[in-house]
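Structure assessment
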Amino acid sequence: MERENLKPADLDAASRCRDDTALTIEVRLPEPMDLVASLECGQVFRWGRCAFPGRPDLKVAYKGVAGGTGLIIAQPDARTGAAISDSLWVQYDPSVTSTEEVRGIILRYFSYDDHVSSIEAKLKSTGHVMVDAVSFCRGLRIITQDRWEALASYILSTNNSIPNISRIIRNLSERFGEPCGLGERSFPTPERIAGESLSRLRECKCGFRDQNLSDAAIKVSSGDVDLEAIGSMTPEEARRELMRIRGVGPKVADCVLLFGYHMLEVFPVDVWVARAVSRYYLGGRQVSPKEAREEGLRRFGRLAGYAQEYLFYYLRSQGLS
DNA sequence: AAACAGGTGCTAA
DNA sequence: TTAGCACCTGTT
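Residues numbered from 1 in each chain as written. Chains lettered and ligands numbered in written order. Predicted model: local features only at pLDDT ≥ 70, side-chain atom pairs only at ≥ 80, totals over all residues. Heavy atoms only, no water.

**With respect to helix α3 (residues 116-124)**
Taken residue by residue, α3 has Val 116, Ile 119, Glu 120 and Leu 123 as its buried positions. Seen end-on, α3 carries its buried residues on one side only, within an arc spanning 100°. Here the buried face of α3 lies against β2 (22-33), α4 (128-137), α14 (289-300) and α15 (304-317). (Buried < 20%, exposed > 50% of the residue type's maximum accessible area, 1.4 Å probe, protein only. Helix = DSSP H or I, 4+ residues; strand = E, 2+ residues; numbered from the N terminus. Arc of directions from axis to C-beta. Contact = heavy atoms within 4.5 Å.)

**Notes on the protein's contact with DNA strand C**
The immediate surroundings of DNA strand C are formed by Asn 159, Asn 164, Arg 167, Arg 202, Lys 205, Gly 207, Phe 208, Arg 209 and Lys 290. Of all atoms in DNA strand C that approach within 4 Å of the protein, 63% are sugar or phosphate atoms. Within the side chain of Asn 164, an N or O atom sits 3.2 Å from a base oxygen of DNA strand C. Contact distances for DNA strand C include 2.7 Å between a base oxygen and a side-chain N or O atom of Arg 209. Taken together, the residues of the surface near DNA strand C sort by class into one nonpolar, three polar and five charged. (Near = heavy atom within 4 Å. Polar contact = N/O pair within 3.5 Å; in protein donor to acceptor, adjacent residues only side chain to side chain. Nonpolar A, V, L, I, M, F, W, Y, C, P; charged D, E, K, R; others polar.)

**Side note on the pairing of strand β6 (residues 85-92)**
Counting buried positions over the eight residues of β6 gives seven, a clear majority of the element. Judged from the seven bridges that link them, β2 and β6 form a sheet pairing that is antiparallel. In the sheet register, Ile 25 faces β6, and the bridge partner there is Val 90. As paired elements, strand β5 (residues 69-75) and β6 share three bridges and run antiparallel to each other. Within the sheet, the bridge partner assigned to Ala 74 lies in β6 and is Trp 89. (Pairing = 2+ DSSP bridges.)

**Some remarks on the protein's contact with DNA strand B**
Neighbouring DNA strand B are 19 residues; Gly 42, Ile 162, Gly 247, Gly 249 and Val 252 lie closest to it. Across the atoms of DNA strand B situated within 4 Å of the protein, the share located in sugar and phosphate is 57%. Here Asp 270 contributes a side-chain N or O atom positioned 3.4 Å from a base nitrogen of DNA strand B. Interatomic distance of 3.3 Å between a side-chain N/O atom of Trp 272 and a phosphate oxygen of DNA strand B. Those elements giving two or more residues to the surface near DNA strand B turn out to be α12 (250-259), α13 (271-281) and α15.

**A word on the layout of surface pockets**
By rolling a water-sized probe across the atoms, one finds the places where empty space is left. Computed from the structure, the largest pocket encloses a volume of approximately 470 Å³. Surrounding the largest pocket, 24 residues form its lining, Ser 157, Asn 160, Lys 251, Asp 270 and Phe 312 being those nearest its centre. Classifying every residue of the lining of the largest pocket by side-chain character gives 11 nonpolar, nine polar and four charged. (1 Å grid on protein atoms, 1.4 Å probe; cavity = no way out; pocket = protein on both sides within 12 Å on 5 of 7 lines; lining within 4 Å. Points joined across faces, edges and corners; volume = space filled by probe spheres on them.)

**Thoughts on the pairing of β5**
Most of β5 sits out of view: seven of its seven residues are buried. Side chains of β5 alternate between two faces, with Thr 69, Leu 71, Ile 73 and Gln 75 and Gly 70, Ile 72 and Ala 74 buried alike. Bridge count between strand β4 (residues 60-66) and β5: seven bridges; the pairing is antiparallel. Among the inter-strand pairings, Val 65 is bridged to a residue of β5, identified as Gly 70.

As C-alpha cells, this is what we get:
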C-alpha cells in the first residue's frame, strides 16, 4: 500500500487545496500552452470536459488519464476559443502518485522538451499558409502518449469517428483496465487484451477492428513486435515494423510514431491532411495519400509532425471540405 | 433512410 | 503499383 502523504503539516497550503482525498496543484509551464487545442486537435482520445471540483473559476477543465494516472487538468483564464496560459491546475489522487510525479507526468505528456515557440517560428518562415495555420494553433503541443495505448488507439481509429474511438477506449479501460485515481481506469495492457476473446473485445464496440486490436496485443505481448526497440529505429524502419501488425497501414503507423514515439519528422496523412496539402500547396489538384505525404516530408522536414497537426487543426476548425 | 466518418486488406487490372 | 470495394458502429 501507498505511504501516507496526507499529513497536513507537509502540505504547502497556498498552492494546494483538499477535495475529499484529491489534491490540487498548480503546475508552472516552461512556455505557454493552449490546453483546448492540445487536447481537442484529434491526437488523443482520453479526455472529456468536466467541472473542476471546488474551483468554479476554472471554466475549462478535462478529466482523463496521462502517465498511467487519473487526472483533472484545467487551464486558468481560458476563454472559449483559443487561449494560452503559463500554468495548469491539476487535480490527482495522492494515494496513487505524488506531487512531483504529477509535475513530471504533465511536462512529459505535453512534450516540454520541445521548444514550440521556435518550432512555430520556423514553420512560419516556410510561407503564408503556415503563418495563418500557426497563428490559429498557437500553443498547440504534440502530446507524448504511452506507446502501446497510441498503437491501440490508432488501430481503433480506422474508418471511425472521434466520439466512437473515445467510447471504445473508455469501454476497454473500464472493463479491462486498473483503477488509477479519481475514478479513472488505466488503458489495459497488451497482455490483458491478448488474453481476451474477440467477442469480449467486440462487446466494447470496436467492431471489425477487434481482430486488429487482438493481433497487435498478441504481437506486442509476445515480443514479436518490440515497442521498445522500435524507439531506436529510424522512422522508415519503425514504420515497416509497425505495419507488420494487421490493421496498421501507413497512416496508423505514422500516427503511432508521432504521438507515441514523438518522431517529429513523420507526416501522417488522413483525408483532411490530404485535402489541406491539395488545397494549400498543390493548387487544388487531387492527390493520393502517398503523394501528400511526400510533399509534407519534402516541405517541412524535421518539423513535419507539427506542420501536419497545424494543417489538420486549422483546416478542420474552418469546416472546409 | 441512406450516407458518412481522421484507413486498411484483399482482389483484380 | 494502384483503383475499387467491404467493413462495425453511431449520428445526421
